[in-house]
Amino acid sequence: MGRRELVPTKATFSDSDMDAENSNSDSDEDSEDEEEGGSAAPILQLRKVAHSGCVNRIRAMTQNPHICASWSDAGYVQIWDFSTHLNALAESETEVPRGGSSVFNQAPIFNFKGHKDEGYAIDWSPRVTGRLWSPTEDHVFASCSVDGHIAIWDARLGKSPAISFKAHNADVNVLSWNRLASVMLASGSDDGTFSIRDLRLLSTKSEEDKSLVAHLEYHKHPITSIEWSPHEASTLAVSSSDNQLTIWDLSLEKDEEEEAEFKAKTKEQVNAPADLPPQLLFVHQGQKDLKELHWDAQIPGMIVSTASDGFNILMPSNIQSTLPSEGA
């Protein structure tokens, strides 16, 4: 298979010559594909960079995607500049052999050692270049810890959090700040539970936690990833070590009258498990050791999930119907 040129040749052709050339080229490619029994395999190009310890999370800066932050199992948060490697990939036309590619030793441009233990929740601010977390506030970010607490920080207030509260009875592994409803914060725990909180209702003066909107106990193993949908404020996806990825719509409630009407119309007996939450829309299985998931920013309802045995791209049909249509 011929390699594509990075920059088109500057040879001049008339319109008729171009049409003829394109036609011949297309037919030649089609015949080559037919002779090979189908389209050729894609070319794999990669660059490997050595990292101290396992990478629990890695995120690219929104404003400068070549700058990345990683959180290792040793407790370090490191900032990297991968511009050299990205440029090398952009200019390379060499296919990497299976199992090949050397590992490059590169020092991070910054190494933060302030955490006492490893973590999983990390993200860049879309508002302020080079700053981690909040999607709507320039100086605010959230953190979670192994003692079950979540803290909301304001960089202008010094080294103490603006507010800290007990969120779970086990390690808090992951957080997701709702970008459509910025007062809503989701958290996932080591005990398999995940919670939704309204930050407007947080208070240091009351012992009662009025901020808790929902606390769901469907998963039986640690929550490994949680993320709000970028298209629907009430929808989020969760992955767990129980090898399940679930999608939830918190706006849904159990409606016995609607269920009875549905049974009457379909004349079918619907025997849903009594302990199945009405907010649960979809369960994806088949992957082992699920690590992370992300919603597609452009295609409503599409999710990519990573696991030890590869990655999946899924788009449940019943999720698409619950999301707003274009121009709605």
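For the structure, check the block above.
Residues numbered from 1 in each chain as written. Predicted model: local features only at pLDDT ≥ 70, side-chain atom pairs only at ≥ 80, totals over all residues. Heavy atoms only, no water.

*Asks:* Before we move on, can you summarise the overall build of the chain with the specific residues and values?
*Replies:* A tally of regular secondary structure across the chain gives four helices and 20 strands. If you take every contact in the chain between residues at least 6 apart in sequence, the share linking residues at least 24 apart comes to 52%. Taken as a whole, the chain presents about 20,200 Å² of accessible surface, with 49% of it coming from carbon and sulfur. (Helix = DSSP H or I, 4+ residues; strand = E, 2+ residues; numbered from the N terminus. Contact = heavy atoms within 4.5 Å. Areas by Shrake-Rupley, 256 points an atom, 1.4 Å probe, with all protein chains shown as cover.)

*Asks:* Quick one: what's the story with the sheet that holds strand β16 (residues 244-249), residue by residue and with numbers?
*Replies:* Overall, antiparallel pairing links the four strands, which are arranged β14-β15-β16-β17 in an open sheet. Strands at the two margins of the open sheet, each flanked by one partner only, are β14 (223-228) and β17 (280-285). In this sheet, adjacent strand axes meet at a mean angle of 15 degrees when their direction is disregarded. Note: β16 against β17, five bridges, orientation antiparallel. Looking at β17, one finds that T246 is bridged to V283. (Pairing = 2+ DSSP bridges. Axes fitted to C-alpha atoms, helices over the stretch in contact; angles between N-to-C directions.)

*Asks:* Break down the packing of aromatic side chains for me, citing the residues and quoting the values.
*Replies:* Applying the stated criterion to the full structure yields four aromatic pairs. Each ring, one from W80 and one from F82, has its centre 5.9 Å from the other, and the planes form 20 degrees; the classification is stacked. Assigned by exposure class, W80 and F82 land together as buried. The interplanar angle of 75 degrees and the centroid separation of 5.8 Å between the aromatic rings of Y218 and W248 together place this pair among those described as edge-to-face. Of this pair, Y218 sits in the loop between β13 (212-216) and β14 while W248 sits in strand β16, and the two are 30 residues apart along the sequence. Grouping aromatic residues by their ring pairs yields a cluster made of F194, Y218 and W248. (Phe/Tyr/Trp six-rings, centres within 6.5 Å; stacked < 30°, edge-to-face > 60°. Buried < 20%, exposed > 50% of the residue type's maximum accessible area, 1.4 Å probe, protein only.)

*Asks:* Account for the environment of T62, naming residues and giving values.
*Replies:* Topologically, T62 is positioned in the loop between β2 (55-60) and β3 (67-72). Between the alpha carbons of T62 and R127 there is a distance of 9.0 Å; along the sequence they are 65 residues apart. Those residues in contact with T62, other than ones at most four positions away along the chain, are W124 and P126.

*Asks:* I'd like a description of a nonpolar patch on the surface, backed by residues and values.
*Replies:* A surface patch of nonpolar side chains, amounting to about 310 Å² of accessible area, comprises I109, F110 and F112. Take F112: it is sitting in strand β6 (residues 110-112). Residue class for F112 comes out partly exposed when judged on its relative accessible area of 36%. (Patch = residues over 30% accessible without salt bridge, like charges linked within 9 Å, V, L, I, M, F, W, Y side chains within 5 Å. Salt bridge = Lys/Arg side-chain N within 4 Å of Asp/Glu carboxyl O.)

*Asks:* I'd like a rundown of the nonpolar core, residues and numbers included.
*Replies:* With 16 residues, the main nonpolar core has I150, I152, L175, W177 and L185 as its most contacted residues. Those elements giving two or more residues to this core turn out to be β7 (140-144), β8 (149-154), β9 (163-166) and β10 (172-177). Among the nonpolar cores identified, the runner-up in size contains 14 residues, and M184, F194, I196 and L236 belong to it. (Core = buried A, V, L, I, M, F, W, Y, C linked by side-chain atoms within 4.5 Å.)

*Asks:* How would you summarise the layout of surface pockets if you had to cite specific residues and measurements?
*Replies:* What the largest pocket holds in volume is close to 1,500 Å³. Surrounding the largest pocket, 49 residues form its lining, W71, H115, A121, S143 and C144 being those nearest its centre. Of all the secondary-structure elements, those providing two or more residues to the lining of the largest pocket are β2, β4 (77-81), β6, β7, β8, β10, β14 and β18 (290-295). Per-class residue counts for the lining of the largest pocket are 25 nonpolar, 13 polar and 11 charged. (1 Å grid on protein atoms, 1.4 Å probe; cavity = no way out; pocket = protein on both sides within 12 Å on 5 of 7 lines; lining within 4 Å. Points joined across faces, edges and corners; volume = space filled by probe spheres on them. Nonpolar A, V, L, I, M, F, W, Y, C, P; charged D, E, K, R; others polar.)

*Asks:* I'd like a description of the sheet that holds strand β12 (residues 194-198), backed by residues and values.
*Replies:* Spatially, four strands are ordered β10-β11-β12-β13 in an open sheet, and the strand pairing comes out antiparallel. Lying at the two open borders of the sheet, with one neighbouring strand each, are β10 and β13. Going from strand to strand, the sheet's axes swing by 15 degrees on average, the running direction of each strand aside. In this structure, β12 lies alongside β13, joined through four bridges in antiparallel fashion. Bridge pairing in β13 places F194 opposite L216.

*Asks:* Can you lay out the environment of G301 for me, pointing to particular residues and giving the numbers?
*Replies:* Within the secondary structure, G301 sits in the loop between β18 and β19 (303-307). Residue class for G301 comes out buried when judged on its relative accessible area of 0%.

*Asks:* I'd like to hear about the side chain of S195, residue by residue, with values.
*Replies:* Mapping S195 onto the fold places it in strand β12. For S195, the side chain forms a polar contact with the side chain of H215, separated by 2.6 Å. The residues touching S195, leaving out its near neighbours within four places in the chain, are A167, H168, L185, A186, S187, L212, A214 and H215. (Polar contact = N/O pair within 3.5 Å; in protein donor to acceptor, adjacent residues only side chain to side chain.)

*Asks:* How would you summarise the pattern of salt bridges if you had to cite specific residues and measurements?
*Replies:* Under the definition given, this model contains five salt bridges. A salt bridge links R59 to E292; its shortest N-O distance comes to 2.5 Å. Taken together, the residues span a long stretch of sequence, with R59 in strand β2 and E292 in strand β18 at a distance of 233 residues. With relative accessibility at 16%, the residue R59 sits in the buried group. Assessed through its relative accessible area of 14%, E292 is described here as buried.

*Asks:* Account for the pairing of strand β20 (residues 310-314), with residues named and values stated.
*Replies:* Pairing geometry for β19 and β20, over five bridges, is antiparallel. Bridge pairing in β20 places T306 opposite F311. Between the antiparallel neighbours β19 and β20 lie two residues.

Coordinates in, geometry out; function isn't part of it.
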